[in-house]
Every structure is written in C-alpha cells, then in structure tokens.
Amino acid sequence: MIRVSAFAVLTVAFAAPILAQTPVPERRPFTALDLHALKGVSSPEISPDGGWVAYTVSTDDVVEDRQVSDLWMTSWDGQTTIRLTSTPKASEHAPRWSPDGRFLAFLSSRDDDNDVSQLWLLPRTGGEAEKVTEEKGGVEDFDWVLDINLRGAFL
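These numbers come from a predicted model, not from an experiment. (Residues numbered from 1 in each chain as written. Predicted model: local features only at pLDDT ≥ 70, side-chain atom pairs only at ≥ 80, totals over all residues. Heavy atoms only, no water.)

A.B. asks: Give me the layout of surface pockets: which residues, what numbers.
C.D. replies: In this model, the largest pocket occupies a volume close to 210 Å³. Surrounding the largest pocket, K39, V57, T59, D61, V68, S69, D70, W72, R83, S86, T87 and P88 form its lining. Elements with a contribution of two residues or more to the lining of the largest pocket: β2 (52–61) and β3 (66–75). A per-element tally of the lining of the largest pocket places β3 first, with 4 residues. (1 Å grid on protein atoms, 1.4 Å probe; cavity = no way out; pocket = protein on both sides within 12 Å on 5 of 7 lines; lining within 4 Å. Points joined across faces, edges and corners; volume = space filled by probe spheres on them. Helix = DSSP H or I, 4+ residues; strand = E, 2+ residues; numbered from the N terminus.)

A.B. asks: Hey, could you go over the pattern of salt bridges for me, with residue numbers and the actual values?
C.D. replies: Counted according to the given criterion, the structure contains 6 salt bridges. Salt-bridge contacts for E92 lead to R110; the nearest nitrogen and oxygen are separated by 3.4 Å. A residue pair is termed long-range when its members are at least 10 positions apart, and E92 in strand β5 (residues 92–97) and R110 in the loop between β6 (103–108) and β7 (118–123) qualify at 18 residues. One exposure class covers both E92 and R110, and it is buried. Ionic pairing is found between D141 and R96, a salt bridge with its closest N-O pair at 3.7 Å. A residue pair is termed long-range when its members are at least 10 positions apart, and D141 in the loop between β8 (130–131) and β9 (144–145) and R96 in strand β5 qualify at 45 residues. A residue is classified by how much of its surface remains accessible, and D141, at 55% relative accessible area, is exposed. Given a relative accessible area of 18%, R96 falls into the buried group. (Salt bridge = Lys/Arg side-chain N within 4 Å of Asp/Glu carboxyl O. Buried < 20%, exposed > 50% of the residue type's maximum accessible area, 1.4 Å probe, protein only.)

A.B. asks: An account of the pairing of β3 is requested, with residue identities and associated values reported.
C.D. replies: Counting buried residues along β3, 7 of its 10 residues qualify, which places the element largely inside the surrounding structure. Inspection of the sheet shows β2 paired to β3 by 10 bridges, in the antiparallel sense. Bridge pairing in β3 places Y55 opposite W72. Following β2, the chain reverses through 4 residues before pairing antiparallel with β3; D65 in that reversal takes a positive phi of roughly 55 degrees. For β3 and strand β4 (residues 81–83), the ladder comprises 3 bridges, and the chain directions are antiparallel. By the bridge assignment, W72 is partnered in β4 with R83. Between β3 and the antiparallel strand that follows it, β4, lie 5 residues; G78 among them carries a positive phi value of about 80 degrees. (Pairing = 2+ DSSP bridges.)

Below, the structure written as structure tokens:
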C-alpha cells in the first residue's frame with residue numbers, strides 16, 4: 001500500500017508542472033494586420049572601437065497611421081542592448097559615430113517647426129541629445145570629417 005501511495009505522489013509531482021502549463025494558442029494564418037507588429041532594423045553603424053553597433057528600429061503606429069523609428073545600440077557580443085531614443089511623435093534615423101566614438105550624431109524631425117529632419121548630437125555615455133542645425137529645408141544626409149584643427153566636424 002505504501003508503494004502505491006509513493007508512486008501516486010511521484011506521478012502527481014511530475015505531472016503537475018506539465019498540467020499547469022499555459023495552453024498553446026491555437027495556430028492561425030498570418031494576416032495583413034500582423035505586418036504592423038513586425039519591426040524593421042536598418043542603418044547599422046559600428047563604433048570606431050568596434051565594440052558597439054548603433055542602428056534604427058522602426059515600428060508602425062497604427063493609430064497615427066505612420067511609421068516611427070528610434071535609435072538603439074548593442075554591444076558587439078550581443079550581451080548589452082540600450083535604447084538611445086524614445087520619441088513617440090517623431091523619428092530618429094541615420095546614426096553616425098564621431099571619429100573618437102564619444103558621440104552619436106543622427107537625424108530627427110523632433111522639435112522642428114517645419115517638420116523636417118535636423119542634425120542632433122547625443123553623448124555616447126547617455127544624456128539628452130542636442131540639436132545642432134536649424135536648416136529651413138532640413139538635413140537629408142551628413143558625415144563626420146576629421147579635421148586636425150576642429151577635432152571632428154560635420155560635412
């Protein structure tokens with residue numbers, strides 16, 4: 001009688017976790033609405049020291065009927081991922097490392113009255129981004145130029 005009881009207890013002990021698992025949702029076909037849940041990753045930029053990759057992650061804002069993108073940074077070994085920007089009403093894109101790796105420049109239309117992209121500068125160690133340009137027509141592209149006298153400038 002004791003053997004049966006021990007067997008019953010062991011059976012229940014091993015079966016309980018299996019029975020308590022959340023049921024697997026029923027499979028369904030992929031629909032057009034599922035496309036809005038997908039995220040796009042683009043514009044990867046490797047830091048000058050090779051230890052980090054900055055990139056853009058784009059998501060769909062279905063309510064506002066537009067796409068929004070933010071900047072992220074991941075260590076080369078994949079162990080650390082940091083979201084650098086979070087602006088629900090504007091997008092950031094085109095990240096570029098400064099030659100010394102201390103700053104990340106990018107384009108964004110946030111805080112712009114004309115709703116055009118301007119150049120922003122973000123310290124690599126964190127903090128608030130600083131708007132660098134006020135071009136009426138906006139900035140479409142840029143790159144860093146190493147100048148001995150300026151120690152790094154935009155082109």
